[in-house]
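Okay, here's what each chain looks like letter by letter:
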Amino acid sequence: RKIIANVTYVSASTFKTKLRITTEIAFRKVTGDYAVLWDYKPHSSKRWVFHQIKSALPRKPSLVSYYTQSVDKVIGVAEQIYSKKIKSIVVFDDAAYSGEQLINRILVPLSKFFTQKAQNIKLFVIVPYATTLAQQRIKAVPHSPFVEINFIFEETMKTLLEILSPSEQSILQSSEREEFVYLGATLTFFDHRVADDHSFFSDVAKLITESPKPYSADTTYGAKEKAEWELYWNRYLEILHKED
């Protein structure tokens, strides 16, 4: 009963409102030219979230691109940002659960890059919903005198660790259960998606009739993104072939 009472559904309109609020807060500090970076693969959330707020942005970004650390050593998106002297990088997403993907795939590699270049850069992560763990981990990213990390969120998603008492947690972790329960999972799900078992409590997920993700490969949006991603990936392959 306690778990069900704490399940939170975020409607499409509520999500867009929270996204607008966090974006407005961020853009009080995003001055001058800025770049927007997406996921390391297609059919993921960052590009889709960007398109939900794109028309409301106070000005267009100077550069938009997928960002993959290994690929970028060849393509050089970060190098373009550096050479154009762009002062801010903005990353949009719907939610931060563990924060690991944001930290390991975007914040840490970009922080290292601009620190090595000795060029000042501001990184803005705009995520309407975030767990306490994600907030703490992102704040703990190693400091650089050249890099300013701004993490803007609107709502804290409580996890099972925060919702349940120690005795209630032990019930879930009982040896009688066949499946391991990750207590860092949330009870918050969105109109556009239900997160995976590591992010959303699987026992509740089984009770939810989930609609297809709006950015999945078999949607009109997904088809357009696939074509765009192929341009990005083919550019990488072409450079590799030239080097060979």
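This text goes with the structure placed above it.
Residues numbered from 1 in each chain as written. Predicted model: local features only at pLDDT ≥ 70, side-chain atom pairs only at ≥ 80, totals over all residues. Heavy atoms only, no water.

Here we take up the packing of helix α3 (residues 45-53) against helix α11 (residues 220-243). If you want to describe how two helices pack, look at the angle between their axes and the distance between the axes. With their axes 12 Å apart at the nearest point, α3 and α11 run at an angle of 115 degrees to one another. Considering their axes alone, α3 and α11 lie roughly perpendicular with respect to each other. As α3 runs across α11, the sense of the crossing is right-handed. Every residue of α11 that contacts α3 at R47, W48 and H51 is listed here: Y221, E225 and E228. Looking at the contact of α3 with α11 residue by residue, the class counts come to two nonpolar, one polar and three charged. (Axes fitted to C-alpha atoms, helices over the stretch in contact; angles between N-to-C directions. Helix = DSSP H or I, 4+ residues; strand = E, 2+ residues; numbered from the N terminus. Parallel < 35°, antiparallel > 145°, perpendicular 65-115°, else oblique. Left-handed = near helix turned anticlockwise from the far one by under 90°. Contact = heavy atoms within 4.5 Å. Nonpolar A, V, L, I, M, F, W, Y, C, P; charged D, E, K, R; others polar.)

The next subject is the pattern of salt bridges. For the coordinates displayed, the defined rule picks out ten salt bridges. Between E79 and K117 there is a salt bridge whose closest N-O contact spans 3.3 Å. One end of the pair, E79, is in helix α5 (residues 77-83); the other, K117, is in helix α6 (residues 100-117), with 38 residues separating them in the sequence. Its relative accessible area of 34% is what places E79 among the partly exposed residues. Residue classification places K117 among the partly exposed residues on the basis of a relative accessible area of 29%. (Salt bridge = Lys/Arg side-chain N within 4 Å of Asp/Glu carboxyl O. Buried < 20%, exposed > 50% of the residue type's maximum accessible area, 1.4 Å probe, protein only.)

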